Amino acid sequence: MPEIINIIKGCLAGNRRDQELLYRRHAAKLYAVCLQYSGNDEEARDILQEGFIKIFDNLIHYKNEGSFEGWMRRIVVNTALEKFRNSHNLYRVDDIDHIPEPDADPENEDYSGLEAVDLLEIIRELPPKYRMVFNLFAIEGYSHREISDMINISEGTSKSNLSRARTILQKKVKLYTGVKKVING
Amino acid sequence: MANGDANIDLLFRNGLKDFEVLPPVGVWAKILPAIRKKQRPYVMLRAAAVAAVIISVSVLAYKWSTEINISLQDQNIAVNDKSANIQDTRSVQKISGRRPARSVANSIKEVQAQMLPEESPVPSPDNQTDQDMDHGSLESGNLPSLESILGIRRAVIPGMTSGNQYSGTSGNSYSGLKGTPFDQPKDKYPKWSISALVSPTYYLKPELDNSIISKQISSSEQSRISYSGGVSFAYKISRKLSIQSGLYYSTIGNEINGINSFSGFRSYDYTKGDHNFEVLTSNGLIYTNNSDVFLMDQAGDRVLTKYTNDVFDPAKAQLSYVDNTLYQNFSYLEMPVFLRYKLIDRTIGFNVIGGLSYNLLVNNTVNAHISGNNFSVGKTAGLNPFMVTSSFGMGMEYNISDKISLNLEPTFRYYLNPFSMIQGPKTHPYSFGIFSGLSYKF
């Protein structure tokens, strides 16, 4: 199996085979990221497409420092962010007026029945701004200050959006877990 | 609640980590044209840059050769009236052996008789010339110059009055007859040529010594068809002899059979050395630089390693088999300095070519192949970075026009220094290639 550095070199030389190999190797993982950041499949496909074009355009700047997969993921997340910024005026900030408090203490909940595909489904049901803040904070590890710069909101709004996102997620996770338990007997 | 927040964060972070979803079919088909479109300008720019360099060099070379021709002409021509007159007089006297003034007209006649056919449409100046000369008032308008008769371009002599004026007072000189008209017409042929040549090249190596390992190396290796190509310039020293140089890029490939390569060794590699395996080849020692590769000689002792068969079994370790052949690839930038002697100068001409080439190593890789892709193994250590080769060849030249010719040059090449500088078998390979391409003369 060719090493990634050789594939990168091939891509830089314009080798079509290496370009396709790079795509085939990493598209599935990056598409999962795209789905996580988008509300529908069409948007996810657009992010993947634009993200990969940027990856190929910027390969020359990759310094072979750190994980190449991490570098690609950052590009895809930035593409999703860009798309979000361009269309965030279309999104309503608060799609849910009233967010119910979770019924039980989440520390004691058992979420073991949930699979990745369920988690993805749940996260995609979040309103766009909550989803974006939750992804950037909880999954990517950015601070509220960084998030406020990234999507042009205040730190307070970022914290508030995160809190609301978590509440919704906890509720939905509980719901999904309950349903799964019923289905599985 | 804070722990609950962390819990939900962790649930999603860990749950979605390494999650993969196959993208819809057709995304790649949309990405490819976009990246191809962006790459095209770079390819075009590169091609334009190469074309610009070639054109610039050609123009400079042309200007230079033109200047050399002019300066050579100027040197041949007398630099002032006096010397021109003396030279003319001598030339005329030498030819006719009579009084110079009279002999000019006779000389013209003689030259006309020699150079022009009888039915030549050029008017004869016979009677008028004699008459005018006797009166000492010959004007150039009445007498066609020898240059015009012979069709030779006349250079202007600095300090001389314009027109072919005959001075009656100086008596015996005719300024129109300076120097060159009585010389043989100069050979005008293009001095410079630029050629683009490419050749498939086949490399051969002499037999190594009679040891078992040397025999094994010789029997398991075979040269791959290599390529050489580039641009060369030639300058004609004389009609037959020219000197040629340029810049070529050449590749050399070598296949080493019977060496099994496996991937997935990284997790078993506990050594701190810079390479785990060495492979003995006729071109030197291959050092692995990919810690993920495991090499094993199918039958022999060409692989030198701590991980011998009794220490490590790739099958038990479930390493992935890659290939049973290693491919050595070397690339050189080559600057030839050749002499070319023309044996036959006709529509189809033949040349003898010989000289030296200076080769600079620019690429050195060793790969295995898996599913049509390269799997990097390492490189050949201790290669001579600077090689000198001697070449000898026969060139066939088919002149499509005065300026353009098609070339075919079977060339034999011998490496004067060995590939490897370090311990191991030292070979001086030789190669045979047929260069073909186009030449443009100017």
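About the thresholds
- Residues numbered from 1 in each chain as written.
- Chains lettered and ligands numbered in written order.
- Predicted model: local features only at pLDDT ≥ 70, side-chain atom pairs only at ≥ 80, totals over all residues.
- Helix = DSSP H or I, 4+ residues; strand = E, 2+ residues; numbered from the N terminus.
- Contact = placed C-beta atoms within 7 Å.
- Buried ≥ 20, exposed ≤ 12 C-beta atoms within 10 Å, placed from the backbone.
- Core = buried A, V, L, I, M, F, W, Y, C linked by C-beta atoms within 7 Å.
- Domains from an automatic or database assignment.
- Expected span 1.5 Å × (residues − 1).
- Bend = angle between axes of the 7 residues up to and from the residue.
- Pairing = 2+ DSSP bridges.
- Nonpolar A, V, L, I, M, F, W, Y, C, P; charged D, E, K, R; others polar.
- pLDDT = per-residue confidence, 0-100.
- Axes fitted to C-alpha atoms, helices over the stretch in contact; angles between N-to-C directions.
- Parallel < 35°, antiparallel > 145°, perpendicular 65-115°, else oblique.
- Left-handed = near helix turned anticlockwise from the far one by under 90°.

Asker: Which parts of the structure should I look at to understand the overall build of chain B?
Answerer: When helices and strands are tallied, chain B shows seven helices and 14 strands. Expressed as a percentage of contacts within chain B between residues at least 6 apart in sequence, the contacts between residues at least 24 apart total 71%.

Asker: Would you mind showing me how to read the overall build of chain A here?
Answerer: Of the regular secondary structure elements, chain A holds eight helices and zero strands. Counting every position in chain A, which comprises 185 residues, the buried fraction comes to 35%. When contacts within chain A are restricted to residue pairs at least 6 apart in sequence, those whose partners lie at least 24 apart make up 69%.

Asker: Sorry if this is basic, but what is going on with the nonpolar core here?
Answerer: Soluble globular proteins: nonpolar side chains tend toward being buried together. Among the nonpolar cores identified, the biggest contains 50 residues, and A:Tyr31, A:Cys34, A:Val76 and A:Val133 are the most heavily contacted of them. Considering each element in turn, this core owes the most residues, 11 residues, to helix α2 (residues 16-37) of chain A. If you count residues domain by domain, this core takes at least three from each of domain 1 (4-89) and domain 2 (91-184) of chain A. Dropping the residues within four chain positions of it, A:Val76 is found in contact with A:Leu30, A:Val33, A:Cys34, A:Ile47 and A:Gly51. Counting 22 residues, the second-largest nonpolar core is a separate cluster that includes B:Phe262, B:Phe265, B:Ile286 and B:Met296.

Asker: For this particular structure, what's the right way to read α2(A)?
Answerer: The α-helix advances 3.6 residues per turn, and as a result positions three or four apart in sequence lie on the same side. Taking 1.5 Å per residue, 22 residues should reach 32 Å; α2(A) reaches 29 Å between its end C-alpha atoms and fits that length. In the structure, α2(A) departs most strongly from a straight axis at A:Ala27, where the bend amounts to approximately 50°.

Asker: In this structure, what is going on with the pairing of strand β6 (residues 284-288) of chain B? I would like to understand it.
Answerer: Note on strand geometry: in a regular strand, side chains alternate between the two faces of the sheet. Residue and element names in this part refer to chain B. Of all five residues that make up β6, four are buried, and the element is covered over most of its length. By the bridge criterion, four bridges tie strand β5 (residues 277-281) to β6 in an arrangement that is antiparallel. Bridge pairing links Glu278 to Tyr287 in β6. Bridging between β6 and strand β11 (residues 373-381) involves four bridges; their strand directions are antiparallel. The residue of β11 that forms the bridge with Leu285 is Ala381.

Asker: Explanation requested: the interface of chain B and chain A in the structure shown.
Answerer: Tallying the contact residues gives 32 residues for chain B and 37 residues for chain A. Those elements that place two or more of their residues in the side of chain B that touches chain A are α1 (2-16), α2 (27-76) and β11 of chain B. Sorting elements by how many residues they give to the side of chain B that touches chain A places α1(B) first, with 11 residues. The residue inventory of the side of chain B that touches chain A, partitioned by class, reads 16 nonpolar, 10 polar and six charged.

Asker: Explanation requested: the pairing of strand β12 (residues 386-399) of chain B in the structure shown.
Answerer: Residues and elements named next belong to chain B. Pairing of strand β10 (residues 348-370) with β12 involves 13 bridges; the strand directions are antiparallel. Bridge assignment links Gly349 to a residue of β12, and that residue is Glu397. Looking at chain direction, β12 and strand β13 (residues 404-415) are connected through nine bridges and run antiparallel. Bridge pairing links Met396 to Leu408 in β13. In textbook terms, the turn of a hairpin is the stretch between consecutive antiparallel strands, and for β12 and β13 this stretch comprises four residues.

Asker: What am I meant to see in the confidence of the model for chain A here?
Answerer: Parts of the model with low pLDDT should not have their predicted coordinates read in detail. Residues and elements named next belong to chain A. When pLDDT is averaged along chain A, the result is 84, and 85% of the positions lie at 70 or above. Looking across chain A, the model is least confident in helix α1 (residues 4-12), with a mean pLDDT of 85, and most confident in helix α6 (residues 128-139), with 93. Overall, residues 90-104 carries pLDDT values under 50, and its contacts beyond four positions in sequence, including any with other chains, amount to 15 contacts.

Asker: Is there a simple way to think about the environment of B:Ile237 in this case?
Answerer: Its location among the elements puts B:Ile237 in the loop between β3 (226-236) and β4 (241-263). Apart from residues no more than four positions distant in its own chain, B:Ile237 is found in contact with B:Ser242 and B:Ile243.

Asker: Could you clarify how one ought to interpret helix α3 (residues 41-58) of chain A in this entry?
Answerer: With 18 residues, α3(A) should cover 26 Å at 1.5 Å per step; its first-to-last C-alpha distance of 25 Å lies within 8% of that length. Every buried residue of α3(A) is listed here: A:Ala44, A:Ile47, A:Leu48, A:Glu50, A:Gly51, A:Phe52, A:Ile55 and A:Phe56.

Asker: Any chance you could explain the environment of B:Gln318 here in plain terms?
Answerer: All names here are of chain B. With respect to the element layout, Gln318 can be found in the loop between β8 (303-305) and β9 (320-344). Judged by the 9 C-beta atoms lying within 10 Å of it, Gln318 falls in the exposed class. Taking C-alpha positions, Gln318 is 9.4 Å from Phe265, a pair spaced 53 residues apart along the chain.

Asker: Mind showing me how you'd approach unusual backbone geometry here?
Answerer: Of all residues except glycine, most have a negative phi; of all peptide bonds, most are trans. Positive phi values are uncommon outside glycine, yet A:Asn152 reaches one of about 55°. The exposed category is assigned to A:Asn152, around which 9 C-beta atoms lie within 10 Å. In this model, B:Asp18 sits at a positive phi of 65°, which is unusual for a non-glycine residue. For B:Asp18, the position within the fold is in the loop between α1 and α2. On the basis of neighbour count, B:Asp18 is assigned to the exposed category, with 9 C-beta atoms found within 10 Å.

Asker: What is the right way to look at the confidence of the model for chain B in this model?
Answerer: All names here are of chain B. Within chain B, residue pLDDT values average 72, and 60% of them lie at 70 or more. Low confidence marks residues 116-185, where pLDDT is under 50. Its contacts with residues over four positions away, or in another chain, come to 92 contacts. Reported confidence for the predicted complex is 0.86 by ipTM and 0.43 by pTM.

Asker: Help me understand the packing of α6(A) against helix α7 (residues 144-151) of chain A, please; the structure alone is not making it clear to me.
Answerer: Relative orientation and spacing of two packed helices are given, respectively, by the angle between their axes and the distance between those axes. All names here are of chain A. Packing of α6 against α7 leaves a shortest axis separation of 10 Å and a crossing angle of 135°. Judged by the angle between their axes, α6 and α7 are oblique. Like other packed secondary-structure pairs, α6 and α7 cross with a definite hand, here right-handed. Along its contact with α6, which presents Met132, Val133, Leu136 and Phe137, the element α7 presents Ile147, Met150 and Ile151.

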